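# Coordinate inspection notes
Listed here are the chains, written in short residue letters.
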Amino acid sequence: MADHNDQNLTPSDLLLAETQSWNQLYFFIEHVTLKCALQLGIPNAITKHGKPMTLSKLMSSLSISPSKYPYFHRLTRILVRYGLLILQKHEDNNVDDGDDSKGYYSLAPTDRYIMKDGPWNSMEDQDSFFFKAWNCLGDWFRNEDPSKFYTAYGDLFWTKLSRDTSSGNWFHANMARDSRSFMNVLIGNEFKDVFKGLTSLVDVGGGTGTVAMAITKKFPDMKCIVLDLPPIVANLQGSENLEFVAGDMFQKIPAANAVLLKSILHDWNDEEFVKILKNCKDAITRSGKVIIIDMVMENPELDDEAFQAQLFIDMLMMVFLGSKERNKKEWEKLFFDAGFTSYKIILTLGLRSVIELYP
Ligand SMILES: C[S@@+](CC[C@H](N)C(=O)[O-])C[C@H]1O[C@@H](n2cnc3c(N)ncnc32)[C@H](O)[C@@H]1O
Ligand SMILES: O=c1cc(-c2ccc(O)c(O)c2)oc2c(O)c(O)ccc12
């Protein structure tokens, strides 16, 4: 007697469902093996070697015993499957499986990003901080806490970062990496028009100033202010056209031609979002603008892989901040709720879009 759940599934449906459920259940193994690769130092070893490496060479450079060969090649096999490594087959293709002359391993282009500016290379040193918030996510759906992070730590994310120096430094180093990478793309191509003609700009929640430094380097005549919380900017040194100001964007934003909000508005719920934008509107001149760098969900320009990445970041916002990524309609509603009259999505660069908002 077929179980009532299976009665509508054909044998091939059942086998497909089995494959799908194994992939869903063990999806975390991609994460575990990627972290293992970083923990062992595989990307750095290949980078340092300067050219593709055989497995034996890679293992000896990592001081891994040859006795582990039968296991290590299975780790690199799955890393090739995920696209972290590239295996260049040996010309003589009929080598034994697992034989060292099987081929040479090199880093995939994405891996070079991961090592230089990606999110991964900092995860190790804050493993517990980052992953503790994700554990037992279901608990949060049964409590009234503002975020799962709050359930885990009894503190809001920004409060915890300002109290815990090592986590705060780790987080802001991550943001600086992200900003360096994004600004290289933004200012390095013809879209620098976003900042063209501005004589002053406030980078609200500008952190340790990576974005502001990139802008003032490219536009030396512009006066830039970085507004952030006191613990973040307390010991930061400005320059002739860059000033760090300690403050609260929910209270007041210094006056300027334009205000920049990169990875800010997705941190906050709709009410807080509107409050920040209203303070931005009070800060800019009538001919000024607000420049937003953030994700626009369900963006038709993005492929499925980018959409999945956006879903992951949306979960990150939900878990760490109780906030969200927004689609175009959601952005637009809040822009008008904050009293702005028009906006323009200037361009989409990777997962993020640059939006200009006019008073
Ligand atoms: C996700 S980070 C983005 C940092 C930077 N804009 C970037 O993209 O690299 C959010 C920033 O908002 C700052 N922040 C949080 N609450 C704030 C507040 N009430 N007033 C000003 N800045 C705040 C945090 O300290 C942090 O630097
Ligand atoms: O805990 C994290 C939190 C965030 C994060 C929080 C608020 C934002 O507005 C944002 O843009 C990113 O980003 C991370 C990251 O980028 C990493 O690589 C590793 C950990 C984190």
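Here the structure is a predicted model, which means the values were calculated and not measured. (Residues numbered from 1 in each chain as written. Chains lettered and ligands numbered in written order. Predicted model: local features only at pLDDT ≥ 70, side-chain atom pairs only at ≥ 80, totals over all residues. Heavy atoms only, no water.)

### What to know about the domain arrangement of the chain
Under the domain assignment, the chain is made up of domain 1 (11–115) and domain 2 (164–358). Summarising the inter-unit geometry, the C-alpha centres of domain 1 and domain 2 are found 37 Å apart. (Domains from an automatic or database assignment.)

### Description of helix 15 (residues 328–337)
If you check which residues of helix 15 are buried, you get W331, L334 and F335. For helix 15, the buried positions fall inside an angular range of 110 degrees around the axis, keeping them on one side. Opposite the packed face of helix 15, turned more than 90 degrees from it, sit the exposed residues K329 and K333. The secondary structure elements touched by the buried residues of helix 15 are helix 13 (270–283), strand 7 (284–297), strand 8 (326–327), strand 9 (342–349) and strand 10 (352–358). Capping the start of helix 15, N327 holds a side-chain oxygen 3.2 Å from the backbone nitrogen of K329, two or three residues further along. (Buried < 20%, exposed > 50% of the residue type's maximum accessible area, 1.4 Å probe, protein only. Helix = DSSP H or I, 4+ residues; strand = E, 2+ residues; numbered from the N terminus. Arc of directions from axis to C-beta. Contact = heavy atoms within 4.5 Å. Polar contact = N/O pair within 3.5 Å; in protein donor to acceptor, adjacent residues only side chain to side chain.)

### A word on the site of ligand 1
Near ligand 1 you find 19 residues, and of these S179, G205, D228, D248 and K262 are the closest. At 2.7 Å, a side-chain N or O of D228 approaches an oxygen atom of ligand 1. Contact distances for ligand 1 include 2.9 Å between a nitrogen atom and a side-chain N or O atom of D248. Relative to its free-state accessible area of 590 Å², ligand 1 is covered by the protein chains to the extent of 96%. When residues in the shell around ligand 1 are grouped by element, the largest group, four residues, is from helix 10 (residues 165–187). Counted by class, the shell around ligand 1 contains nine nonpolar, six polar and four charged residues. (Near = heavy atom within 4 Å. Areas by Shrake-Rupley, 256 points an atom, 1.4 Å probe, with all protein chains shown as cover. Nonpolar A, V, L, I, M, F, W, Y, C, P; charged D, E, K, R; others polar.)

### What about unusual backbone geometry?
With a phi close to 55 degrees, S63 is a non-glycine residue in the positive phi region. In this structure, S63 sits in the loop between helix 4 (55–61) and helix 5 (69–81). Classification of S63 as exposed rests on a relative accessible area of 69%. Phi at E298 is positive, roughly 50 degrees, even though this residue is not glycine.

### What about the pairing of strand 7?
The element strand 7 is extensively covered by neighbouring structure, given that eleven of its 14 residues are classed as buried. Both strand 6 (residues 256–262) and strand 7 contribute to a ladder of six bridges, which runs parallel. Bridge pairing in strand 7 places A258 opposite K289. At this point the chain moves from strand 6, through helix 13, to the parallel strand 7, and the crossover so formed is right-handed. Bridge count between strand 7 and strand 10: six bridges; the pairing is antiparallel. Across the sheet, I291 pairs through a bridge with E356, a residue of strand 10. Alignment of strand 7 against strand 8, held across two bridges, turns out to be parallel. (Pairing = 2+ DSSP bridges. Right-handed = clockwise from strand over helix to strand, strands pointing away.)

### So, the packing of helix 13 against helix 15
Closest axis-to-axis distance for the helix 13/helix 15 pair is 9 Å, and the angle between their directions is 50 degrees. Comparing their axes, helix 15 and helix 13 come out oblique. Remark: the crossing between helix 13 and helix 15 carries right-handed chirality. Touching D270, F273, V274, L277 and K278 of helix 13 are W331, L334, F335 and D337, all from helix 15. A class-by-class count of the residues in the contact of helix 13 with helix 15 yields six nonpolar, no polar and three charged. (Axes fitted to C-alpha atoms, helices over the stretch in contact; angles between N-to-C directions. Parallel < 35°, antiparallel > 145°, perpendicular 65-115°, else oblique. Left-handed = near helix turned anticlockwise from the far one by under 90°.)

### Observations regarding the pattern of salt bridges
With the rule as written, the count across this model stands at eight salt bridges. A salt bridge links R163 to D155, with the shortest nitrogen-to-oxygen separation between them at 2.9 Å. Residue classification places D155 among the buried residues on the basis of a relative accessible area of 15%. Salt-bridge contacts for D337 lead to K333; the nearest nitrogen and oxygen are separated by 2.5 Å. Of this pair, D337 and K333 both sit in helix 15, four residues apart, roughly one helical turn. Overall, D337 belongs to the partly exposed group, its relative accessible area being 36%. Here K333 falls in the exposed class, since its relative accessible area comes to 52%. Shared partners join several salt bridges into a network, and the residues in it are D178, K262 and R352. (Salt bridge = Lys/Arg side-chain N within 4 Å of Asp/Glu carboxyl O.)

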